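# Descriptive analysis of the structure
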Amino acid sequence: MAWHLHAVQLEDGRWSCRHGRHEFDLHGDLVDCIQHLRLVAESIGPSELFMHPYGAETSRIDDL
């Protein structure tokens with residue numbers, strides 16, 4: 001079973017690293033957010049990464 005990790009863009013343009021409702025931290029850009037989520041995935045095991053741009057459709061961006 002894979003963990004679902006999420007990069008969620010906030011209304012102010014920042015990106016939130018999340019697992020469910022738990023917010024790990026915030027980032028100024030998407031690249032930093034995804035890099036952080038990859039590090040989280042390395043520590044917890046198999047993961048799927050999703051991107052949630054503000055006002056746009058969600059997409060799966062990686063399987064780790």
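What counts and how
- Residues numbered from 1 in each chain as written.
- Predicted model: local features only at pLDDT ≥ 70, side-chain atom pairs only at ≥ 80, totals over all residues.
- Heavy atoms only, no water.
- Pairing = 2+ DSSP bridges.
- Helix = DSSP H or I, 4+ residues; strand = E, 2+ residues; numbered from the N terminus.
- Axes fitted to C-alpha atoms, helices over the stretch in contact; angles between N-to-C directions.
- Contact = heavy atoms within 4.5 Å.
- Buried < 20%, exposed > 50% of the residue type's maximum accessible area, 1.4 Å probe, protein only.
- Core = buried A, V, L, I, M, F, W, Y, C linked by side-chain atoms within 4.5 Å.

### Focus: the sheet that holds strand E5 (residues 59-63)
The mixed open sheet is built from five strands, whose spatial order is E3-E2-E1-E4-E5. Looking at which strands have only one partner, the edges of the open sheet turn out to be strand E3 (22-27) and E5. Averaged over all pairs of adjacent strands, the angle between strand axes in this sheet comes to 25°, irrespective of strand direction. Pairing of strand E2 (residues 15-19) with E3 involves five bridges; the strand directions are antiparallel. Pairing of Trp 15 across the sheet is with His 27, part of E3. Packed on one face of the sheet, helix H1 (residues 30-44) meets strand E1 (3-9), E2, E3, strand E4 (47-52) and E5 and runs near 165° to E1.

### Focus on the environment of Glu 11
Residue placement: Glu 11 occurs in the loop between E1 and E2. A relative accessible area of 67% places Glu 11 in the exposed class. C-alpha separation for the pair Glu 11 and Tyr 54, spaced 43 residues apart in sequence, amounts to 6.4 Å.

### Quick look at the nonpolar core
In terms of nonpolar packing, the biggest core is built from 11 residues, these being Leu 5, Ala 7, Trp 15, Cys 17, Cys 33, Ile 34, Leu 37, Val 40, Ala 41, Leu 49 and Met 51. Mapped onto this core, the elements with two or more residues apiece are E1, E2, H1 and E4. Considering each element in turn, this core owes the most residues, five residues, to H1. Beyond its immediate sequence surroundings of up to four residues, Ala 7 is in contact with Trp 15, Ser 16, Leu 30, Cys 33, Leu 37, Phe 50, Met 51 and His 52.

Remember that the coordinates give geometry; whether it matters functionally is a separate question.
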